[in-house]
Every structure is written in structure tokens, then in C-alpha cells.
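A structural walkthrough
Below, each chain spelled out in residue letters.
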Amino acid sequence: MRKFTLSRTALSPGFGVDTAKLGTGIAGTGFSFGMVAPGVTSEPHRHDELEAFVILSGAGKVITDLGEISVEVGDVVLFEPFEAHVLHNDGDEDLNFVDVYWRDGNAALDAAAQISAPHGPIFVFSTPPTPNGDLHLGHLSGPYFGADVYTRFLRMNGVEAYHLTGSDDYQRYVATRADADQSTPAKVARHYADEIRATLALLDCEVHSFLPTMGDDAYAEFQAACFRSLLSSTAVDLCESPALFDAVTGDYLYQPDVSGLCPDCGGSAGGNICEECGAPNLCHDLGAARSRHSAEAPVVGSVRRAEVALERCYVNIDRHLRASGAPVRITDLFARLRQRGDFSVPITHPSDWGLPAEGSPGQVIWSSSEMAFGFLYKIQALASSLGRDWNAALPSNDWQIVHFFGFDNSFNHALLYPALYAEVFSHWTPRIRYHVNEFYLLDGRKFSTSRGHAVWGKEVLGPKTVDVVRLHLGLTRPEGERTNFTLDALRHTGKEIFQGIWLKWLDAVHREIKQDFGGRVPDAGDWSPADRAFFARIEVYRAAMERAYSDEGFSVRRAAAQVCDFVRDCVIYRRAQDYAAARRLYPARNRTSLALQTTAAAILAPTLAPLMPRFASTVARGIDGVSTETWPRSVQRLVPGTIFDLGHVLEVYCRSDHPILNDQEAV
């Protein structure tokens, strides 16, 4: 027998509430006492233990990924491993509970292996591109390709999911491009928005709503209403603060108008954000600053602007990041920002290009804060086309938002926007997930529009090359680290992998089925241990692709690598069976080999559909009964007699007249 006694003096903060450990029982079972004061909410968290809350006094709510329930004295709530949970005291007295927790290795592994079944609507956003130029492969490899693959997989699983983006017309960079082209910002925005849409179409990127922000009166009115709400919030001040001005022209400087050294990492940075470390800056705090207008060192003056005091929002931001399961890359950025102390971000700037900022004559709403509410408006605009009632002014807790963006946009998407939402929509608890990519390099250096160091999407994309480009972008996508693109590597993917391995294997299977079985799948005969093992590996591959496309383990790079490994495995398996005398003497064994290879080809089509939709659908058309519209739940052998004719696949893909795949230096 063991006895533990609670000491109120032992209470200390833990997960946002007061807790005290009581002790440990048999088999590693732990006991803690917890107290939640009125109005307090614990921090969202997940862990590998099973856990139970036993409510001793008071009342409140338990909130999980699946919803919320009310709890009171005598209730016991059990949580599975990795189930996010929050305890909220909505009463007027302390909520006291005992927390019991224990580890079950098998239960934890089973829970980790499960893939959640998301429910719609899910709004998948790729960062709205700035219409100051077309999209190059550095752009395409990240948010747009990733969001397309992710959304396609969700829709194959019957989820109501939509890929949304649009042109970020009021960016300062648009006005800069207009100055360089001796044009107007409006003309530049319209022209490049059209070019961007065309390039996304060439990538086979399915966008369900592409919304420009310029020229939409309802959009401007909604932004004005959100801005008025911000001005009335306790986190926003109208105040005079330091700003940079050109020493020669006197022009106000921000974003592309100024560059210098990042106050956080010391590296080269542009105005307002450092692409290297992701940290924001206020322009006047840049080291060795230089104006784009005159190339001179700017002078520091002051200007009255609306500013968000982020330090007043840190609690809300922190709670949001915990609930969203944000990548460590983002939480590290937040931690570094907090180390800098008080930090107020201007959300208006003196400019003649942008939406007017009410109460600040001659100033516009900062395009980066405008985008936060632009996402919600895009949902409303989509609703209009679908006949739904989604309202940007009344965002719903049922909405699931997923953002795809480059790390240099992390501050805006994951820190600033949740802070702004909390100030304008107090009733709304945003459910947002984040998928972040790093920089994609070209020959070891950053892609650069201004330096002409780029391979543009339109230069390599076409009906016969889009699948190879998507496969190569998948294999080299910058997930968790910077990766490099070269034209030679793209050609290698096209010639050595896609044509030299994939198409040769499909051709060999197609020819043998056509020659020996009249183009129909044979029934399996005698199964060897190698056949049984290969059949099992097909299912392992299917499950691995499902994990790579799902939210929990999403990785286009992993999916592309897995499919390449799988096709190589198919080739190795075929070679091990490819002996003419044995085939003649043991035809039952040969039938099994071919039946399994056709099964592998049949599972290849739907599992490739998110990654390479055009090629996947072409393969599926040659195998009767195979569809790329739905995700396969398991591997099923093709019914004997099923038509298997991939001749058209080989006709389309075996030869490419595109100069990129024929080693011609066209780029």
C-alpha cells in the first residue's frame, strides 16, 4: 500500500493550469491533481500516454479534435494517445480534477499509424502570388504544387476540399515593377495575373478559385470593415514611430524600397521581412540600409501609422500554434520574435497603391495584413459560385484551413494572421494547418526574377513534359531543407527514370500480356514465396503513399521517392521471373507473375494521381475498371480477363519532341 497526499503549496503551472504530481502507481501509472481557475483554459497538447480526467468539483468543457463536451463532478473523460485536448473552466468556481495517465506501447503505435479522416469543408490555400512577374520553378515547386497534390488526394477520398489562390494585386512589388516597365500597377497586375493562371494550368494545377483582389468593390468594403474592427481593438494603436525615408527624394521606404542587414540574424534582408531567417523587421532597424530609389543610406524620420502591438497578442498566437501543431520551424520563429521584447508592426503605410486606410489620409492598408482577411473573402467568393452560404464576416469553427507557403512567409501566415483574426473575430477559433517549404535553388543559387536567374514554368511545361516535371519537382521538392534544380537532373529524371525504367517496365508487361493472353489479365496459378512477398509489398507501397499524401505525414518528396522505389522493385521482381525455359515448363508460375505485375500497374495509376494526374489517368484508361477518381483502400488483384492494353501510353510518352528532354539548350 502507498499513500499520496496533496499539498496545495506544491501546485505549479503545467499546460496552462495549476498541477501537482501525486505519485506513480504500478505499471508506470501516474497521478496528478489539477486546478483550473474560472475563465482559464489549459494549453492544447498531445502526448503518447492514455489519460483520464476525473472531475472532483466545479464544471467546464473538454475540447478535442472531435468537438467539445460539458463535464461536471463525477465525470471521467478518457483520451487516446495523441488526441489533442483542452480543459476549460466556464464556471465561477475552481474546477478540480485528478489526472491519471499510463503508457501502452501498442496503443500508441496503433494511434500513430492511424490516418485521420478529415471532414469538409477544407480550404487549401497556396500563397497568392504577387503579379509582378510570371511563375518560375522555384515558385511552382513549393506552395502551388504542394497544395495541388494535397487537395487532389483529399478529393479522391471523398472529402469536400478546395484549392484556392489568387493574385495579390496590392503588393508594393507590383508598383515597383510598374515603375520599371513605365506602366501602371493596375496594368501590371492584370497582365501577370493572366500569365500566372496560364502557368498553373500548364502544371496541371487544379485551382477551384483564382481570385484577383483588384477591382472588386465587395472585397474593398470587406477589407475596410475588418480594418475598422482592428482600429477599435486593444492590440492596435495609432502612433508616431520611426520610419525610413530616401535621403535624396524624401520618399517613404518599405518592402522592396529598402534593403540592409537583418536585425535578427545579421544576413541580407529586404524591407519588412528577412527571407533567410523569416524574421520581420521595421525597416528603420535594418543594419547598413540602402534605398532602392537613390542607392543612398536612408534617413530616419517618423510617421503616424496604425500598428499592431504583437506582444499583446502573444498568448493568442501561442495557443493557436499549439492547437495547430505548427512545424518547429515556425515555433522557433515565434520564440525568436518573443526574445526581441515589445514588437509593434505597422499595418498601414504611406503609398498611392493599395486599399485606402480609413483615418490615415495618404496611407494604404499593408498588403500583408490585407491578405489575412483576403483568405476569408476567397472562401465567400467560392461559396457564391457553389451556392453555399459561407460568410467571410462570420467565419465558422467548422472550416478547416490549410496553408501552403514558403518559409519566408511564415511570420505573416502563422503569427500575424492568427493575431489579427483574434482581434476581429472574437467568436471564431481558427482551425489552421501549415505546410512549409524551403527555398528551391537553381544551380546552387536562389531563383531570382530580378537577376534573370530562373527557369520559367512555361519554358519546360507542355503536354508531354508536365508529368516528368512534376515527378522531378516531387523528387527534389525543398521540404525541411533547401534543394537544388538543374536542367541536367531534370533530363535524367525524364530519360533514365521515367522513360528508361517506368515506361520500359510497362511496355514489357503490355507486350507479354498482348502476345500470350490477347491483351487480357491471366488468372494466377502457382504462387512461390517470392510471389507472396511481392503481393504484400504492393500493399505496403499503397499504404506508404497514403501516409505521404495525408495531413499527418504529408510529403510530396517522400511520395515521389516511394513510387520510384516501387517501380524499381517491380522491375527487379520481373527480372527474377524472366527466364524463357522456366516460363514454358511452369506456365502456372508465369501466370502468377504477370497477374501480380498487372496488379502493380493497376495500383500505380490511382496512387500516382495526386502526383502525376495526367500520366495516371492515361495508364488507368488502358486497364479496364481502374479509376483515378477514388483512392484505393487496399490492393485487389485484377479480375482474370480484365482488358490490359497500355499501347497508347507508350505512344504518347516514349518520345518527346520537347527540347528540354532532348538535351537542346533551349532555356
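For the structure itself, consult the block above.
Cut-offs used in this document
Residues numbered from 1 in each chain as written. Predicted model: local features only at pLDDT ≥ 70, side-chain atom pairs only at ≥ 80, totals over all residues. Heavy atoms only, no water. Core = buried A, V, L, I, M, F, W, Y, C linked by side-chain atoms within 4.5 Å. Buried < 20%, exposed > 50% of the residue type's maximum accessible area, 1.4 Å probe, protein only. Contact = heavy atoms within 4.5 Å. Pairing = 2+ DSSP bridges. Helix = DSSP H or I, 4+ residues; strand = E, 2+ residues; numbered from the N terminus. Disulfide = S-S within 2.5 Å. Phe/Tyr/Trp six-rings, centres within 6.5 Å; stacked < 30°, edge-to-face > 60°. Salt bridge = Lys/Arg side-chain N within 4 Å of Asp/Glu carboxyl O.

We now examine the nonpolar core. Grouped together as the largest cluster of nonpolar side chains are 89 residues, with contacts concentrated most on Phe485, Trp502, Trp505, Leu608, Leu611, Phe615 and Ile623. Residues contacting Phe615, with those up to four places away along its chain left out, are Asp467, Phe498, Trp502, Leu503, Leu506, Leu608, Val649 and Tyr653. Residues Tyr219, Ala235, Leu244 and Leu355 belong to the second largest nonpolar core, which totals 86 residues.

Below, the discussion takes up the sheet that holds strand 25 (residues 445-446). On the basis of which strands lie adjacent, the open sheet formed by 3 strands has the order 25-24-26 and mixed pairing. What marks the edges here is a single partner per strand, and that holds for strand 25 and strand 26 (483-485). Direction of pairing for strand 24 (residues 440-442) relative to strand 26: parallel, over a ladder of 3 bridges. Across the sheet, Leu442 pairs through a bridge with Phe485, a residue of strand 26.

Moving on, we come to the state of the cysteines. Taken as a whole and assessed by the stated rule, the structure comprises 0 disulfides. Distance from the sulfur of Cys564, which forms no disulfide, to the nearest cysteine sulfur (Cys570) is 12 Å.

A few words on the packing of aromatic side chains. Tallied over the full model, the rule gives 35 aromatic pairs. With a centroid separation of 5.7 Å and 80° between ring planes, the pair formed by Phe123 and Trp399 is classed as edge-to-face. Of this pair, Phe123 sits in strand 10 (residues 122-126) while Trp399 is found in the loop between helix 8 (367-386) and strand 22 (400-406), placing the two residues 276 residues apart along the sequence. A relative accessible area of 0% places Phe123 in the buried class. With a centroid separation of 5.6 Å and 80° between ring planes, the pair formed by Tyr314 and Phe334 is classed as edge-to-face.

With that settled, the discussion passes to the pattern of salt bridges. Taken as a whole and assessed by the stated rule, the structure comprises 36 salt bridges. Between Lys61 and Asp90 there is a salt bridge whose closest N-O contact spans 2.7 Å. Of this pair, Lys61 sits in strand 5 (residues 60-64) while Asp90 sits in the loop between strand 8 (85-88) and strand 9 (95-102); the two residues are 29 residues apart in sequence, bridging distant segments of the chain. Given the relative accessible area of 41%, Asp90 is considered partly exposed. In this structure, Arg172 engages Asp257 in a salt bridge whose closest nitrogen and oxygen atoms are separated by 3.2 Å. Of the two residues, Arg172 sits in helix 3 (residues 172-181) while Asp257 sits in the loop between strand 14 (252-253) and strand 15 (258-261), which places them 85 residues apart along the sequence.

So, about the environment of Asp251. Note on placement: Asp251 falls in the loop between strand 13 (236-245) and strand 14. Separated by 100 residues in the primary sequence, Asp251 and Ser351 place their C-alpha atoms 9.6 Å from one another. Ignoring sequence-local partners within four residues, the contact set of Asp251 consists of Leu244, Phe245, Asp246 and His293.

Turning next to the environment of Gly271. Following the sequence through the fold, Gly271 ends up in the loop between strand 16 (268-270) and strand 17 (287-291). Classification of Gly271 by relative accessible area gives buried; the value is 3%. Separated by 69 residues in the primary sequence, Gly271 and Arg340 place their C-alpha atoms 18 Å from one another. With near-sequence residues (within four places) excluded, Gly271 lies in contact with Gln255, Val258, Asn281, Cys283 and Leu286.

Just geometry here; none of it tells us what the structure is for.
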